[in-house]
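Survey of secondary and tertiary structure
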Amino acid sequence: MGGVKRSIIKMAAITGSMAPVLVLCLAMSLSGTWAVDKGNFKTCDQSAFCKRQRALKPGDSPYRALLETMELTNTRLTLQLINDNNKVRLLLELYRLQGNITRVKINELKPLKPRFEVPDVLIREPSTEPLSLLSQDENGVVLSLGAESQRVIISARPFRLDIMEGPEVLMSLNSRGLLAFEHLRMRKDTQAEPEGEKKEEEEADPANQAEKEEEEKIDGMWEETFKSHSDSKPNGPSAISLDFSLPGVEHVYGIPEHADTLRLKTTDNGDPYRLYNLDVFQYELYNPMALYGAVPVMLAHQAQRTTGIFWLNAAETWVDISSNTAGKTVFGKMLDYVQGSSETPQTDVRWISESGIIDVFLMLGPTPKDVFSQYASLTGTQSFPPLSAVGYHQCRWNYNDQEDVASVDAGFDEHDIPYDYIWLDIEHTDGKRYFTWDPHKFATPKEMLQALDDKKRKMVAIVDPHIKVDSNYKIHNEIRNKGFYIKNKDGGDYEGWCWPGSAGYPDFTRPDMRDWWASMFAYDQYEGTMENLYTWNDMNEPSVFNGPEVTMHKDAVHGPWEHRDVHNLYGLYVQMATAEGQIQRSGGVERPFVLTRAFFAGSQRYGAVWTGDNAAEWDHLKMSIPMCLSLGLVGISFCGADVGGFFKSPSTELLVRWYQTGAYQPFFRAHAHLDTPRREPWLFGPENTALIREVVRQRYTLLPYWYQQFYHAYRTGDPIMRPLWVEYPQDPATFALDDEFLIGKDLLVHPVTEEGARGVTAYLPGKDQVWFDVHTFQKHNGAQSLYIPVTMSSIPVFQRGGSIIPRKIRVRRSSSCMMHDPYTLYVALNLQRTAEGELYIDDGHTFNYEKKEFIHRKLSFAKNVLSSVNLALDAEFSTGSWIERIVILGASKPSKVTLQTADGPESQLEFDFDASMSVLTLRKPGMNAGLDWNVMLQ
């Protein structure tokens, strides 16, 4: 929940005598209409460093490599680069990392003061592998990267770096000459001598002096103004930029968060994609504007190879994309082909950041899943959530009081709709003081939590990182007394306006501050809490209503660093400290669940993300798919969008379609703005209640499969909700699809996202593949576009032939109530009449899976035998769940079916066969889900 519209009255009330006129003007300026006010957010032209860097055009680079300075050890190469225009030297470091990754770092050789290098994002210092020199002359050097005849070529004049495999160039750096590195310098009109070593060659060179005088004329280098805000820029210009060329590539993805298509567009005729965490009220669609989170990772894909670029920089960043095939029509491309045009497709990407250093990881694939594991080896995998968090979440701003919570909870039981979590937004607190409860509306929170716990349900309460400045508020007093607030440029505590009125912002970049914050979640500190209360971190970009671009001033201070250096890390640190607090309060036993709005690379390790303040519009429903697909590609699998739309009120048709879509996305939560009419699932008439009930129940029957996908994501880094090209990398028909998706590799979903739709056309991939409609069991061939007639109850979902998917058909009021229920296995045969799948079971909520307390079994069907074998021989766990039914799709009729378990005699099973649909159903085979068994069809 962000956006300030309609908070005018509320904030004036909160702040009492605290300048209500100011609040009124502020809120009006932030939200004049029900759409994004683009004037609140910078374009590249209004961001001085972006404008400066973008003014550089491709051409010969002023940088050359000084080969005589090269040093090669077993693990790294270092080499100096010199800018021939100003004689400033840079240090290039090159590493070959384990798993087919190359790391390139470029920093000033002798910076005036240290430049920021991003901490806490990499899970460890990456392991290196040996580099060896293949050849060297005055023009450059060639190094071996070991695997697959891969090598790095460093050309000296101008500096350029190419990575090759055999005769093919995989990636080139600085091939367009756009490397730029604004060195730290003293301001011309300051008299103080620079600390450390003076750059004598700079002082001596008259050309350099002239260049300095020229620089002084450029706006925005030493201070910058945006609207009424000024940025003092005490360190002067410090931007960095580097270009990458990707031969053979026409499709690039990633760099979330943007409300745009999955396949990134070229930016030649508009702004670059911007990465700068911002609270954007009523964001627009199909737009490269920055949103709440930033993951500076791009994937490039073509039929033969997938690669990735991870630009490890937390400052404001802009990404330009151009392509030599952009704008060519299909006819134009055909003409090229007919005429034998030799132009290879190529995409060029340019990264521009405001400060820090160049630290880039080139992930060389070659497959999509190789890139996922390469990125996971650097930043970690998706945290494994408690099973309950994979269920349905009911939220709005706000449930009014304990009676309201009890009434909504009872409504779910009355209408037989399962759910796991009910959520409380900011109004549950005592005057927007987080870690507190409103003494009138939520007077006995433990009673409320206990009533939920009695039904095996849970609650999430919001804890935002802006702290009300109030000397009677314990949290504020402790943070102030410990000196934990972020400072302003003059050394005082930084204050801005947010929901409580005047607020301080804890400095989460400090480990001691994060430790203290974590300790505040202890049951004796956060009064009224119990084991079934979890946390939502909102507004953590950070949102500052009266700040530049609704965020913090860049010259605010975090210890030795400016906010400009660390901005995009802030949200990650808030979620990190909150998740740690939840783990600590249980003595390290229970898994946390924390939802965050702002995020960065590595945020996947700490919980879930949602797409922020969307609107009840059909296009926003459509956009939830590419937004979550983009996040999954860069490691953040636990993604969802506010079902129904946060702003405005959905039509009943839109609401039902949104439930049908959200039920097949990893994070499934309905949420709504304070000013919208109530929209609990039973408020739209019995027919719509039934439609919503049905799709929420579908979610719950599939929880075993969803949970298995989360376990797999935690183990491998593979996305859960994934684009089709991830599984069908050589099928160009999949490369730009973003209105359908896969869950794991075995379920294909094409939600209905058009108003009044009578049908949808789904592309079913795989030329030797078959797909089964999960509702009707009808079989369809792959490699075709299939028209599917739809009604309001339709959600087109297909199971891949060759897969086995476990479900629990008995839906109860929450996931925990279904823990020991039996399984039904859906076996979908491929053309070879085989299938395989998995079954993963653990206790659903503790970290005991790390101690090998789980069941992980391989299910396979071949030669008319369905078997279950142990995939984890060193693991131990027991379950009360059994197999109550097996449904085999694409089967033929057997004469008899027998069951063989490890410890029992062979027994005969009852079965039904539907000849019209080729579906064989085995009833009550009855074996324990954790044991070895074989079912034989004869």
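Structure: see above.
Rules and cut-offs
- Residues numbered from 1 in each chain as written.
- Predicted model: local features only at pLDDT ≥ 70, side-chain atom pairs only at ≥ 80, totals over all residues.
- Heavy atoms only, no water.
- Pairing = 2+ DSSP bridges.
- Helix = DSSP H or I, 4+ residues; strand = E, 2+ residues; numbered from the N terminus.
- Axes fitted to C-alpha atoms, helices over the stretch in contact; angles between N-to-C directions.
- Contact = heavy atoms within 4.5 Å.
- Disulfide = S-S within 2.5 Å.
- Buried < 20%, exposed > 50% of the residue type's maximum accessible area, 1.4 Å probe, protein only.
- Expected span 1.5 Å × (residues − 1).
- Phe/Tyr/Trp six-rings, centres within 6.5 Å; stacked < 30°, edge-to-face > 60°.
- Lys NZ or Arg CZ within 6 Å of the ring centre and 35° of its normal.
- Parallel < 35°, antiparallel > 145°, perpendicular 65-115°, else oblique.
- Left-handed = near helix turned anticlockwise from the far one by under 90°.
- Nonpolar A, V, L, I, M, F, W, Y, C, P; charged D, E, K, R; others polar.

Before going further, it helps to spend a moment on the sheet that holds strand 40 (residues 779-781). Read from one edge of the open sheet, six strands run 35-36-37-42-39-40, paired in antiparallel fashion. Edge strands, defined here as strands with exactly one partner in the open sheet, are strand 35 (721-722) and strand 40. Bridging between strand 39 (residues 770-773) and strand 42 (residues 797-800) involves three bridges; their strand directions are antiparallel. Along strand 42, the bridge assignment pairs Asp-773 with Phe-798.

Read across the open sheet, the eight strands follow the order 1-2-3-4-20-17-16-14; overall the sheet is antiparallel. Looking at the sheet topology across the chains shown, the edges are occupied by strand 1 (63-72) and strand 14 (251-254). With direction set aside, neighbouring strand axes in the sheet form an average angle of 20°. The pairing of strand 3 (residues 89-97) with strand 4 (residues 101-108) spans eight bridges and is antiparallel. Bridge pairing in strand 4 links Leu-90 to Glu-108. Contacts from helix 7 (residues 368-379) reach strand 3, strand 4, strand 16 (297-302), strand 17 (305-311) and strand 20 (358-363), with the element oriented near 25° to strand 17.

The subject of this paragraph is the state of the cysteines. Taken as a whole and assessed by the stated rule, the structure comprises two disulfides. Covalent S-S linkage joins Cys-44 and Cys-50, the inter-sulfur distance amounting to 2.1 Å. Its S-S torsion of approximately -100° makes the covalent link between Cys-44 and Cys-50 left-handed. Each member of the pair, Cys-44 as well as Cys-50, is classed as buried. The disulfide that involves Cys-628 links it to Cys-639, with 2.0 Å between the sulfurs. Across the S-S bond of Cys-628 and Cys-639 the torsion is about -75°, and the bridge reads as left-handed. Residue Cys-628 is located in helix 14 (residues 618-633), and its partner Cys-639 is located in strand 32 (residues 639-640); the two are separated by 11 residues in the primary sequence. In this structure Cys-628 comes out as buried when scored by relative accessible area, which is 2%.

With that settled, consider helix 7. With 12 residues, helix 7 should cover 16 Å at 1.5 Å per step; its first-to-last C-alpha distance of 17 Å lies within 8% of that length. Along helix 7, the positions that sit buried rather than exposed are Pro-368, Val-371, Phe-372, Gln-374, Tyr-375, Ala-376, Leu-378 and Thr-379.

Of all six residues in strand 8 (residues 160-165), five are buried; the element is thus mostly enclosed. Looking at chain direction, strand 7 (residues 150-155) and strand 8 are connected through six bridges and run antiparallel. Opposite Ile-154, over in strand 8, you have Leu-161 as the bridge partner. With antiparallel pairing between neighbouring strands as the criterion, strand 7 and strand 8 make up a hairpin whose turn holds four residues. Two strands pair when backbone bridges link them, and strand 8 and strand 9 (residues 168-173) are joined in this way by five bridges, in the antiparallel orientation.

Overall, the coordinates contain 52 aromatic pairs when judged by the stated rule. Their ring planes at 35° and their centres at 5.5 Å tell us that Tyr-840 and Phe-854 sit as a pair that is tilted. With a gap of 14 residues between them, Tyr-840 in strand 45 (residues 835-841) and Phe-854 in the loop between strand 45 and strand 46 (855-862) connect regions that are remote in the sequence. Each member of the pair, Tyr-840 as well as Phe-854, carries the same accessibility label: buried. Here the aromatic cluster, defined as three or more aromatic residues joined through ring pairs, consists of Tyr-421, Trp-423, Tyr-534, Trp-536, Phe-593, Trp-610, Phe-638, Phe-667 and Phe-710. The cationic tip of Lys-554 hangs over the ring face of Tyr-276; the distance from NZ or CZ to the ring centre is 5.1 Å. It is Arg-669 that lies over the ring of Trp-610; its NZ or CZ is 5.0 Å from the centre.

At a minimum axis distance of 7 Å, the contact between helix 11 (residues 511-519) and helix 13 (residues 570-585) shows a crossing angle of 45°. Looking at the two axes, helix 11 sits oblique to helix 13. By crossing handedness, the relation of helix 11 to helix 13 is classed as right-handed. Across the interface between the two elements, Arg-514, Trp-517, Ala-518 and Ser-519 from helix 11 touch Tyr-573, Val-574, Met-576, Ala-577, Thr-578, Glu-580, Gly-581 and Gln-584 from helix 13. When grouped by side-chain class, the residues that make up the contact of helix 11 with helix 13 number six nonpolar, four polar and two charged.

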